[in-house]
2 protein chains.
Amino acid sequence: MKITLIPSIDYIRENDIKGKTVVIIDVLRATSVIVTALANGAKEIFPVIEVEEAFSRKTQNSLLGGERKALKIEGFDLSNSPLDYKRELVTGKTIILSTTNGTKAIHYSINEQAKEVLTGSMLNAKAVAGYLAKSDSDIAILCAGTYGEFSLDDFICAGKIVWESININKSCNKIQLDDFSMAAVLAYESNRDRILEYVSNASHYKYLLSIGLKQDIEYCFSQDLIDLVPKISCSNGNMKISV
Amino acid sequence: MKITLIPSIDYIRENDIKGKTVVIIDVLRATSVIVTALANGAKEIFPVIEVEEAFSRKTQNSLLGGERKALKIEGFDLSNSPLDYKRELVTGKTIILSTTNGTKAIHYSINEQAKEVLTGSMLNAKAVAGYLAKSDSDIAILCAGTYGEFSLDDFICAGKIVWESININKSCNKIQLDDFSMAAVLAYESNRDRILEYVSNASHYKYLLSIGLKQDIEYCFSQDLIDLVPKISCSNGNMKISV
């Protein structure tokens, strides 16, 4: 099994995704929101690119969530803070989610004919690694990044997921890493006891901190709180994330 | 001054290079060859993409150097081992160099209208950093990579060059790093006392080792042996590297 890492959605190349198991990472914050909402009982999540589409798909049993420039969208029920997605609010609900980077990465992966698409975060890294370790497919880790740019926070999370996969598979030695995923593993290995310090160098971290989202960041970098692997399915062009 | 890092020639995006000071890194081995040849008295280096062009430009005072699949090209005088470029062979000579990754990166940078193009390696990292620290331009560090793929060896060298630039500029705090160059700096910082161990994870390292080029690798990862900054100039479509 080969693991390749795509440093951001701007860097997706032909054949990077087609036929592979793709793990999308947008730690700050879309994939942290997704796994938290599902862990708190949300029925499913519809990732949509445009705000207008989110409004047009709103029903009585759904909540609109997401962000533009990291802030709640006017008229939406929830922001892109995973701390918004409390059990009492989301249980049994459909979440219609529109974010700048993560939902785009999900759409790209489906459109580029991935074999299957999962979402990963620090919160469910070990669960995703366990899933990957059992897979026979080649794997692409797609770091969503920030406005198309590579983002340190997604990179270190990719490193953790691959590192955990290797550890699970230690005995059979069947995982081959490209240099990008190896760089992520080495970054995680050197910094696993000081992840927040490492991530404090990320430009998106600094931006979120500047608008008062320290609690969000701390929550998003909590490791292995949730034992779920969200998966994206697609029917008639409509995408759905569930477990 | 902003520093951005381009992870390999496959990942060059519009406006990544135009108008910037570009540092090309191909540690294993083109940019190590270039600085070694110039340090040993070569007059100039002509980087050419095609083998046929190298032969057509050969004169009495020139030597043909380079590789395909890391091996010497048939009919060439020198391989792509920096250890071939001994003072007694290269003094006063023009080197016509054709390699798979490094010379391509040079051509791309010139064609994409870089303001100026330099070559960096571990051998002259501090010299390049000193040059950059005095610059007012935005800087792009272009890791040549291996057949278009990101390569750990170029990445760690980029980290060293940026790290040295920051250290020189510590007092004025004028350098802004994108997350990619920050990742490289953090990788260098965590591994500066065990660079060869870090690089032993690189796929190109493993390939070169498998064909017996251990000495080359060790030489290419010697830090700051040479105090030169090779620069590329272009006249009538012909490129020349000199100091």
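Keep in mind that this is a model prediction, so the values were computed, not measured. (Residues numbered from 1 in each chain as written. Chains lettered and ligands numbered in written order. Predicted model: local features only at pLDDT ≥ 70, side-chain atom pairs only at ≥ 80, totals over all residues. Heavy atoms only, no water.)

J.: Looking at this model, I keep getting lost on the interface of chain B and chain A. Mind explaining?
T.: Interface size, as often reported, equals the accessible area lost upon joining of the parts. The interface of chain B with chain A comprises 23 residues on the first partner and 23 residues on the second. Across the interface of chain B and chain A, roughly 2000 Å² is buried in total on both sides, 56% from carbon and sulfur atoms. Three residues, Tyr11(B), Arg13(B) and Asp179(B), lead the burial of chain B against chain A; their summed loss comes to 35% of the area buried on that side. The interface formed by chain B and chain A contains four salt bridges. In this structure, the salt-bridge partner of Arg13(A) is Asp10(B), at a minimum N-O distance of 2.8 Å. Summed over the shared surface of chain B and chain A, the number is nine residue pairs in polar contact (both at pLDDT 80 or more). Elements that contribute at least two residues to the side of chain B that touches chain A include exactly α6 (152-168) and α7 (179-191) of chain B. Examining the composition of the side of chain B that touches chain A, we find that seven residues originate from one element, α7(B), more than from any other. Of the residues belonging to the side of chain B that touches chain A, the class tally is 11 nonpolar, six polar and six charged. (Contact = heavy atoms within 4.5 Å. Buried area = accessible area lost by both parts, 1.4 Å probe. Salt bridge = Lys/Arg side-chain N within 4 Å of Asp/Glu carboxyl O. Polar contact = N/O pair within 3.5 Å; in protein donor to acceptor, adjacent residues only side chain to side chain. Helix = DSSP H or I, 4+ residues; strand = E, 2+ residues; numbered from the N terminus. Nonpolar A, V, L, I, M, F, W, Y, C, P; charged D, E, K, R; others polar.)

J.: It is not clear to me how the pattern of salt bridges should be interpreted in this structure. Could you clarify?
T.: Where charged atoms of side chains with opposite charge meet at close range, the side chains can pair. Counting across every chain of the model gives 22 salt bridges over all chains. Through salt bridges with shared partners, a single ionic network connects Asp10(A), Glu149(A), Arg13(B) and Asp16(B).

J.: Before we go on, may I ask you to explain the environment of Ile106(A) in this structure?
T.: Residue and element names in this part refer to chain A. You can see Ile 106 is positioned in helix α4 (residues 102-111). Put simply, Ile 106 and Val 23 are 83 residues apart on the chain and 9.3 Å apart in space, counted from C-alpha to C-alpha. The contact partners of Ile 106, leaving out residues within four places of it in the chain, are Ile 24, Ile 34, Pro 47, Thr 119, Ile 232, Met 239 and Ile 241.

J.: Whenever I open this one, a nonpolar patch on the surface confuses me. Can you help?
T.: Residues and elements named next belong to chain A. Together, Leu 71, Tyr 207 and Ile 211 make up a nonpolar patch on the protein surface, roughly 250 Å² of accessible area in all. Relative to the helices and strands, Tyr 207 is located in helix α9 (residues 203-210). Owing to a relative accessible area of 34%, Tyr 207 belongs among the partly exposed residues under this scheme. (Patch = residues over 30% accessible without salt bridge, like charges linked within 9 Å, V, L, I, M, F, W, Y side chains within 5 Å. Areas by Shrake-Rupley, 256 points an atom, 1.4 Å probe, with all protein chains shown as cover. Buried < 20%, exposed > 50% of the residue type's maximum accessible area, 1.4 Å probe, protein only.)

J.: Is there a simple way to explain the relation of the copies chain B and chain A in this structure?
T.: Taken together, a rotation about one axis and a shift along it account for how the two chain copies relate. For these two chains of identical sequence, chain B goes onto chain A by a turn of 180° and a shift of 0.0 Å along the axis, with RMSD 0.0 Å. Put plainly, the chains are arranged around a two-fold axis. An overlap of 100% is found between the interface residues of chain B and their copies at the interface of chain A, pointing to a shared contact surface. (Least-squares fit on C-alpha atoms with pLDDT ≥ 70 in both.)

J.: Even after reading the chapter, I still don't get the environment of Leu64(A), so can you show me in this structure?
T.: All names here are of chain A. Among the structural elements, Leu 64 can be located in strand β4 (residues 62-68). For Leu 64, a relative accessible area of 1% corresponds to the buried category. When near neighbours in sequence (up to four residues on either side) are disregarded, Leu 64 contacts Ala 54, Phe 55, Lys 58, Gly 75, Phe 76, Asp 77, Leu 78 and Ile 96.

J.: Looking at this model, I keep getting lost on the environment of Ile96(A). Mind explaining?
T.: All names here are of chain A. Topologically, Ile 96 is positioned in strand β6 (residues 94-98). On the basis of relative accessibility, which here comes to 1%, the residue Ile 96 falls in the buried class. In the structure, Ile 96 is positioned 57 residues away from Ala 39 in sequence and 16 Å away in space, judged by C-alpha atoms. Once you skip the residues sitting within four places of it in the chain, Ile 96 turns out to touch Phe 46, Val 48, Ala 54, Arg 57, Lys 58, Ser 62, Leu 63, Leu 64 and Gly 65.

J.: I tried to follow α9(A) on my own but got confused; where do I start?
T.: The α-helix advances 3.6 residues per turn, and as a result positions three or four apart in sequence lie on the same side. Residue and element names in this part refer to chain A. The set of residues buried in α9 consists of His 204, Tyr 205 and Leu 208. Buried residues in α9, looked at end-on, bunch into an arc of 105°, giving them a common side. On the buried face of α9, the contacting elements are α6 (152-168), α8 (195-199) and α10 (214-220). Trailing α9 by a residue or two, Gly 212 shows a phi angle of about 85°, which is positive. (Arc of directions from axis to C-beta.)

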